[in-house]
Amino acid sequence: MQQIYTIGIKTGQPAAMIDITKEVQKLVKESEVKQGICVVFVPHTTAGITINENADPDVVRDMTMEMNKIVPMKDNYNHMEGNSAAHIKASVMGFSETILIEDGRLLLGTWQGIYFMEYDGPRFRKVYVKILEG
Amino acid sequence: MQQIYTIGIKTGQPAAMIDITKEVQKLVKESEVKQGICVVFVPHTTAGITINENADPDVVRDMTMEMNKIVPMKDNYNHMEGNSAAHIKASVMGFSETILIEDGRLLLGTWQGIYFMEYDGPRFRKVYVKILEG
Amino acid sequence: MQQIYTIGIKTGQPAAMIDITKEVQKLVKESEVKQGICVVFVPHTTAGITINENADPDVVRDMTMEMNKIVPMKDNYNHMEGNSAAHIKASVMGFSETILIEDGRLLLGTWQGIYFMEYDGPRFRKVYVKILEG
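Residues numbered from 1 in each chain as written. Chains lettered and ligands numbered in written order. Predicted model: local features only at pLDDT ≥ 70, side-chain atom pairs only at ≥ 80, totals over all residues. Heavy atoms only, no water.

Peer 1: Got a minute to help me understand the interface of chain C and chain A in this structure?
Peer 2: Bring the parts together and some accessible area is lost; that lost area is often taken as the interface size. Taken together, the contact between chain C and chain A spans 31 residues of the former and 32 residues of the latter. Three residues stand out in chain C for area buried against chain A, namely Ile4(C), Phe41(C) and Ser91(C), and they jointly supply 20% of the buried area on that side. At the boundary of chain C and chain A, one finds one salt bridge. Inspection of the region where chain C meets chain A yields 14 residue pairs in polar contact (both at pLDDT 80 or more). Looking at the side of chain C that touches chain A element by element, the count peaks at five residues for helix H3 (residues 84–93) of chain C. The class makeup of the residues in the side of chain C that touches chain A is 17 nonpolar, 11 polar and three charged. (Contact = heavy atoms within 4.5 Å. Buried area = accessible area lost by both parts, 1.4 Å probe. Salt bridge = Lys/Arg side-chain N within 4 Å of Asp/Glu carboxyl O. Polar contact = N/O pair within 3.5 Å; in protein donor to acceptor, adjacent residues only side chain to side chain. Helix = DSSP H or I, 4+ residues; strand = E, 2+ residues; numbered from the N terminus. Nonpolar A, V, L, I, M, F, W, Y, C, P; charged D, E, K, R; others polar.)

Peer 1: What is the right way to read the interface of chain B and chain A from this model?
Peer 2: Listed by partner, the interface residues are 32 residues for chain B and 31 residues for chain A. Of the roughly 2600 Å² buried where chain B meets chain A, counting both sides, 62% is carbon and sulfur surface. The interface formed by chain B and chain A includes one salt bridge. Lys69(B) is the partner of Asp75(A) in a salt bridge, and the nearest nitrogen-oxygen pair spans 2.6 Å. Put simply, chain B and chain A have 13 residue pairs in polar contact (both at pLDDT 80 or more) between them. Here the side of chain B that touches chain A gets nine residues from one element, more than from any other, and that element is helix H2 (residues 57–70) of chain B. The class makeup of the residues in the side of chain B that touches chain A is 15 nonpolar, eight polar and nine charged.

Peer 1: Looking at this structure, how should I read the relation of the copies chain C and chain A?
Peer 2: Relating the two copies of this chain is a rotation about some axis coupled with a shift parallel to it. Of the transformation placing chain C onto chain A, the axial shift is 0.0 Å and the rotation is 120 degrees, giving an RMSD of 0.0 Å. Considering both components of the superposition, the chain copies are consistent with a three-fold axis. Of every C-alpha in chain C, the one belonging to Val92(C) sits nearest the axis of rotation, 3.5 Å from it. The residues that chain C uses at the interface reappear at the interface of chain A in only 16% of cases, marking distinct surfaces. (Least-squares fit on C-alpha atoms with pLDDT ≥ 70 in both.)

Given below as structure tokens:
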């Protein structure tokens, strides 16, 4: 049986994409699991998680800009906290990623990184990581 | 080995977000699994699943309204059943959630609830729940 | 312990939805796992995966058309490769699906098919499939 790991994240902007691939990879190594799956879960409602390119920072910039166009910050929302757009963007991105483990490592594509998606920062956030052998 | 559980849902509106957290939590308890993952799967093509805020009902209203703006009901679709927007919204939200289990309970954030997303109701729907120990 | 399977896909269009249900089902059968979960993972950053209707091809056409409206190909993106829209659409659809296995078969809904979503083709692509017993 594997414990659940927690990664703490401090976000510095209202919207941000933070690459947590190395942190997750480190936990997979620490678990000593050689074959299985790794579930990364975000326990928030205005932040999500995705996978995307880890090479050109313009992809991060373009994705943040375009998500703000798709789900505008102001759009006659009722929710009094004023962060409905953040709730919607988080649901569109999703709250978990399931990644395969092979030979004790995350089986990601060459250009893939795991990104924590902040949509209502800056805040202190966390991510849970669970590793299942099999 | 754990059986697959089924939750039946009757939706009353064309679009609806139905909180199924308690039902899923009850099944986790029933399974007697203390550590593992819980996969909640929607076997439909015009309904999906997400996680979001369980406190202010305006979040539900805003999310439903905004998804109707992002994917309009009418937009020169070809599909003769007339529910293409529902198919697209379901894919955007996704058909499964994977949630961690700790000490026999779903490890959700304070404000997180699990929502069944009806986009082509009213209908009788179902959700499958599978619990894996590990 | 189960191996990780790879499905190779050759896409012929810039945007395409390719039904890979039969290929995944075949691997589940080959694995001889009767109860568990099947994780289908896309190791790319401009292609994703979803589940949707496998009956009327107009659903595929409508979904491709509408995703191009939601995330336009050109929209003042900075990324020099010119495929930012593909990166964003892939994240919106997601990079994995988790499907339940019962009696040695994928437990999909009547109308559900598993679709590989190409957003920057034509290319040679691959999909990883991992089957966990439990």
